[in-house]
Amino acid sequence: MPTKAYQCGSCYEVHEFYHEAESCCQPAIDEGWQCDVCGDFHSEKEDAAKCCIGLVKAKSEEAVQCPACLRDQSLVQLVSEIEVAGHCSECNPHFSIDDAFKIADLVDQQLAENLDRMF
């Protein structure tokens with residue numbers, strides 16, 4: 001005579017009791033940290049804090065207007081480009097080698113300051 005059985009929906013193992021099938025392949029829950037900017041999940045708090053640090057706003061709360069395209073920019077990368085080269089990469093993505101190095105140095109400096117303020 002057939003007996004009542006329960007099959008796990010993930011691995012298809014057959015169990016005698018419903019709760020056994022229900023708890024058979026439950027996924028493990030990972031605990032971690034979520035980036036406030038993009039929402040990506042990270043296992044370490046510091047990794048989540050650094051995830052989109054380049055997308056955070058520059059020190060000044062006010063946006064800087066690009067003189068070339070007249071867009072208001074407030075992200076560290078774009079503000080640094082305007083300060084060094086006089087335009088942002090949204091309107092003109094080309095920079096001299098010297099300007100590219102200066103921009104990178106300025107961005108790194110701003111990001112380090114932002115990290116210091118976070119921790």
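Residues numbered from 1 in each chain as written. Predicted model: local features only at pLDDT ≥ 70, side-chain atom pairs only at ≥ 80, totals over all residues. Heavy atoms only, no water.

### Re the pattern of salt bridges
Tallied over the entire structure, the rule returns one salt bridge. As a salt-bridge pair, Arg-71 and Glu-90 come within 3.7 Å of each other at their nearest N and O atoms. Residue Arg-71 is located in the loop between β5 (64-65) and β6 (72-73), and its partner Glu-90 is located in the loop between α3 (76-85) and α4 (97-118); the two are separated by 19 residues in the primary sequence. Take Arg-71: its relative accessible area is 37%, and that puts it in the partly exposed class. Residue class for Glu-90 comes out partly exposed when judged on its relative accessible area of 45%. (Salt bridge = Lys/Arg side-chain N within 4 Å of Asp/Glu carboxyl O. Helix = DSSP H or I, 4+ residues; strand = E, 2+ residues; numbered from the N terminus. Buried < 20%, exposed > 50% of the residue type's maximum accessible area, 1.4 Å probe, protein only.)

### Digging into the confidence of the model for the chain
Here the chain averages 83 in pLDDT, and 82% of its residues register 70 or above. Within the chain, helix α2 (residues 45-50) has the poorest average pLDDT of any element, 80, and α3 the best, 91. (pLDDT = per-residue confidence, 0-100.)

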